[in-house]
Amino acid sequence: MTETLHRVAVLVLEGAKPLDVGIPAQVFSNRPSMPYEVRVCGAAPGPISGGDGLSYHVASGLEALEQADTVFIPGYREPATTEPPDAVVAALIAAHSRGARLAAISTGAFALAATGLLDGRRATTHWHYTRALAARHPLVRVDENVLFVDEGSVLTSAGAASGIDLCLHLVRRDHGVGLSNHVARRLVAAPYRSGGQAQYVPRSVPEPLGDLFASTREWALAHLAEPLTLQGLARNAAVSERTFSRHFVEDTGYTPMQWVLRARIDLARELLERSDLGVEQIAHRVGLGTGANLRLHFKRILGTSPLEYRHTFSA
């Protein structure tokens, strides 16, 4: 029996930013390994003036939203002073009422907010526009300190790079960590960044710690089955524990040991999806010791049990 593909529509508005358009089109691109199909559309078929010196020609109009399971709204120029066309707002509302989820990248949050569907909900946008979004749509609970916000059927993200994080988050939500990691490898992207990570951390002087921290994270991923401590991680990074902890939070959105726990749970997810190992064996391989410990953290972080997760996401 042929699997029904999840239909993704990317809605290109006037002034659309090329990276914001390209990210969902690339992540969910039609290929054998992906259970998605993508259509790029506009308010009407034909040419659309874009931002950054690029323009678009789309084959589909708003009828593409009538069959979409997910609709992406890429960012566009001058969002604080322009309104999306009434027909676009009505089509987004209709798609959501039909059960589609709506996901905005960067300033696409302004068009999503114009529907009223973000009223009373958390949302974010590019840090440069968070105050403008809050002023224009005061019923939206704007959070300027996150990469993306998942409110179930409506999602928003910050700048273009966080659009990748949002897309990978949706792949994980739909099909588990294995496919998400596969997509991340194809994109040469970080497989997981916390939605709660700060968008922008101002520093008066750039600090040359990124490479050290990246190599330490890689080292930790290769040693998850072993005891990992803050002291050992800081020693590997050749910095003090206090310095390591402070900058690690800035870089990842987690404390070092929170990040280690998440990494262990992600490895457990992949083993549940792609192996026949039992829960006790997986707990030992990922460094959580016992099946009871794995079940405890799995439930707390993912809201389900390892066996329920395996039933949902195993091939």
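Summary of the structure given here. Note that this is a predicted model, so its numbers are computed, not measured. (Residues numbered from 1 in each chain as written. Predicted model: local features only at pLDDT ≥ 70, side-chain atom pairs only at ≥ 80, totals over all residues. Heavy atoms only, no water.)

## Regarding the overall build of the protein chain
Here is step 1 of the chain: Along the backbone of the protein chain there are 13 helices and 10 strands.
Here is step 2 of the chain: Since a compact globule built from 315 residues should have a radius of gyration of about 20 Å, the 21 Å found for the protein chain is in line with a globular shape.
Here is step 3 of the chain: Dimensions of the protein chain, computed from the C-alpha atoms along their principal axes, are close to 60 × 55 × 35 Å.
Here is step 4 of the chain: Classification of the 315 residues of the protein chain by burial places 49% in the buried group. (Helix = DSSP H or I, 4+ residues; strand = E, 2+ residues; numbered from the N terminus. Rg over C-alpha atoms; globule rule 2.2 N^0.38 Å. Buried < 20%, exposed > 50% of the residue type's maximum accessible area, 1.4 Å probe, protein only.)

## Here's the deal with helix 2 (residues 86–98)
Along an α-helix, residues three or four positions apart point the same way, because every turn accommodates 3.6 residues.
Here is step 1 of the chain: Along its 13 residues, helix 2 runs 18 Å from first to last C-alpha, staying within 8% of the 18 Å computed at 1.5 Å per residue.
Here is step 2 of the chain: Listed in full, the buried residues belonging to helix 2 are Val 88, Val 89, Ala 91, Leu 92, Ala 95 and His 96. All buried residues of helix 2 fall inside an arc of 165° around its axis, so they share one side. In helix 2, the exposed positions that point more than 90 degrees away from the buried face belong to Asp 86 and Ser 97.
Here is step 3 of the chain: Two residues or fewer past helix 2, Gly 99 is found with a positive phi of approximately 115°. (Expected span 1.5 Å × (residues − 1). Arc of directions from axis to C-beta.)

## Some points on the side chain of Ser 60
Here is step 1 of the chain: Mapped onto the fold, Ser 60 is located in the loop between strand 4 (55–58) and strand 5 (70–73).
Here is step 2 of the chain: Within the structure, Ser 60 has its side chain in polar contact with the side chain of Arg 39 (distance 2.8 Å).
Here is step 3 of the chain: Sequence-distant contacts of Ser 60, defined by excluding residues within four places in its chain, comprise Arg 39, Val 40, Cys 41, Gly 42, Ala 44 and Pro 45. (Polar contact = N/O pair within 3.5 Å; in protein donor to acceptor, adjacent residues only side chain to side chain. Contact = heavy atoms within 4.5 Å.)

## Some details on the sheet that holds strand 5
Here is step 1 of the chain: Strand order in the open sheet formed by six strands is 2-1-5-6-10-9, and the pairing between neighbours is mixed. Here the strands that pair on one side only, and so sit at the sheet edges, are strand 2 (36–42) and strand 9 (148–150). The sheet shows a mean angle of 15° between the axes of neighbouring strands, taken without regard to direction.
Here is step 2 of the chain: As defined by bridge partners, strand 1 (residues 6–12) adjoins strand 5 across three bridges and the pair is classed as parallel. Opposite Ala 9, over in strand 5, you have Val 71 as the bridge partner.
Here is step 3 of the chain: Along the sheet face, helix 1 (residues 18–27) touches strand 1, strand 2 and strand 5 and points at about 170° away from the line of strand 1. (Pairing = 2+ DSSP bridges. Axes fitted to C-alpha atoms, helices over the stretch in contact; angles between N-to-C directions.)

## Re the packing of aromatic side chains
Here is step 1 of the chain: In the structure shown here, the tally under the stated rule is eight aromatic pairs.
Here is step 2 of the chain: Their ring planes at 40° and their centres at 5.5 Å tell us that Phe 28 and Phe 72 sit as a pair that is tilted. With Phe 28 in the loop between helix 1 and strand 2 and Phe 72 in strand 5, this pair connects stretches of sequence that are 44 residues apart. Phe 72 carries the same exposure label as Phe 28, and that label is buried.
Here is step 3 of the chain: Members of the aromatic cluster, connected to one another through ring pairs, are Phe 213, Phe 244, Phe 248 and Trp 259. (Phe/Tyr/Trp six-rings, centres within 6.5 Å; stacked < 30°, edge-to-face > 60°.)

## A short note on the pairing of strand 10 (residues 154–157)
Here is step 1 of the chain: Side chains Val 154 and Thr 156 of strand 10 all project onto a buried face; the interleaved residues Leu 155 and Ser 157 project onto the opposite face, where all are buried too.
Here is step 2 of the chain: Looking at chain direction, strand 6 (residues 101–104) and strand 10 are connected through three bridges and run parallel. Note that in strand 10 the partner of Ala 103 across the bridge is Leu 155.
Here is step 3 of the chain: In this sheet, strand 10 lies alongside strand 9 in antiparallel orientation, the contact comprising three bridges. The residue of strand 10 that forms the bridge with Asp 150 is Leu 155.
Here is step 4 of the chain: The loop that links strand 9 with its antiparallel partner strand 10 comprises three residues; one of these, Gly 152, has a positive phi angle of about 90°.

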